[in-house]
Amino acid sequence: DTAVSQTPKYLVTQMGNDKSIKCEQNLGHDTMYWYKQDSKKFLKIMFSYNNKELIINETVPNRFSPKSPDKAHLNLHINSLELGDSAVYFCASSQDPRRTNTEAFFGQGTRLTVV
Amino acid sequence: GQSLEQPSEVTAVEGAIVQINCTYQTSGFYGLSWYQQHDGGAPTFLSYNALDGLEETGRFSSFLSRSDSYGYLLLQELQMKDSASYFCAEANQAGTALIFGKGTTLSVSS
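All figures in this text were calculated on a predicted structure; none of them were measured in a lab. (Residues numbered from 1 in each chain as written. Chains lettered and ligands numbered in written order. Predicted model: local features only at pLDDT ≥ 70, side-chain atom pairs only at ≥ 80, totals over all residues. Heavy atoms only, no water.)

Caption draft 1: Seen up close, the pattern of salt bridges. All names here are of chain A. Counted by the stated rule, this structure contains 5 salt bridges over all chains. Here Asp85 and Arg63 are joined by a salt bridge, their closest N and O atoms 2.8 Å apart. Separated by 22 residues along the polypeptide, Asp85 in the loop between β8 (75-78) and β9 (87-94) and Arg63 in the loop between β6 (53-57) and β7 (64-67) bring together distant segments of the chain. For Asp85, a relative accessible area of 3% translates into the label buried. (Salt bridge = Lys/Arg side-chain N within 4 Å of Asp/Glu carboxyl O. Helix = DSSP H or I, 4+ residues; strand = E, 2+ residues; numbered from the N terminus. Buried < 20%, exposed > 50% of the residue type's maximum accessible area, 1.4 Å probe, protein only.)

Encoded structure:
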């Protein structure tokens, strides 16, 4: 069974559209994240959810909204897509990141291309 | 904001030893992690250091010096398959998220 699964793997869409990326983890972790990885491979934290509560939002435009129906799911909804949103988006989960030997598990990534 | 510094690129030949350094900010430090990412793949966990010293896992070792706010990943007996990006990471000050360095691209040639 895949620990962290996200869909779709590829997403091509036009500017101005609204799209969602789904993420599910079966590890029983308390914390889930969304990261954006640009062409320079920089992994930028977008959101962190701990027990369904939004903990962090690092200067992300409000066109991006995380939605967590339960502890095992953290979906990402993007409104009014822009060319600059093209990137690979990774979902991840972990236990408390302050704990010893905390390991973050990543989904396969969603390559978003806005045309 | 919180930041981790690591070299952008490293090159080496098969069988060699490579050290990838990482310096971090000390406020609210919990420990340093390392991740590997192959092109087109997802980051995968390699190691974690909370205390000073060396942690060894097969060909890979990770070192931490809290007094120097510094750590490194040591890769021995390099193989072509080790060509990848390597990221150091730490929890943010609030302990609510993992923050990654900008990554080091390792190229191993024959």
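Still more to cover.
Caption draft 2: Geometry of the interface of chain A and chain B. Contacts between the two partners involve 24 residues from chain A, matched on the other side by 24 residues from chain B. When chain A packs against chain B, close to 1900 Å² is buried across both sides, 61% of that on carbon and sulfur atoms. A salt bridge links Asp39(B) to Lys41(A), with the shortest nitrogen-to-oxygen separation between them at 3.0 Å. Counting every contact that joins chain A to chain B gives 5 residue pairs in polar contact (both at pLDDT 80 or more). (Contact = heavy atoms within 4.5 Å. Buried area = accessible area lost by both parts, 1.4 Å probe. Polar contact = N/O pair within 3.5 Å; in protein donor to acceptor, adjacent residues only side chain to side chain.)

Caption draft 3: Local environment of the sheet that holds strand β8 (residues 70-75) of chain B. Pairing in this open sheet of 5 strands is antiparallel, and the strands run β1-β3-β8-β7-β6 (chain B) from one edge to the other. At either end of the open sheet lies a strand with only one pairing partner, and these are β1 (4-5) and β6 (53-57) of chain B. (Pairing = 2+ DSSP bridges.)

Caption draft 4: Examining the state of the cysteines more closely. What the rule picks out here adds up to 2 disulfides over all chains. A disulfide bridge connects Cys23(A) with Cys91(A), and the sulfur atoms are separated by 1.8 Å. In this structure the cystine formed by Cys23(A) and Cys91(A) twists about its S-S bond by roughly -75°; its chirality is therefore left-handed. Taken together, the residues Cys23(A) in strand β3 (residues 19-25) and Cys91(A) in strand β9 connect sequence positions 68 residues apart. Note on accessibility: Cys23(A) and Cys91(A) belong to one class, buried. Residue pairing for Cys22(B): its cysteine sulfur links by disulfide to Cys88(B), the two sulfurs lying 2.1 Å apart. Judged by the sign of its S-S torsion, about 75°, the bond between Cys22(B) and Cys88(B) is right-handed. Note that Cys22(B) is positioned in strand β3 (residues 18-24) and Cys88(B) in strand β9 (residues 84-91), a separation of 66 residues in sequence. For the residue pair Cys22(B) and Cys88(B), the accessibility class agrees, reading buried in each case. (Disulfide = S-S within 2.5 Å.)

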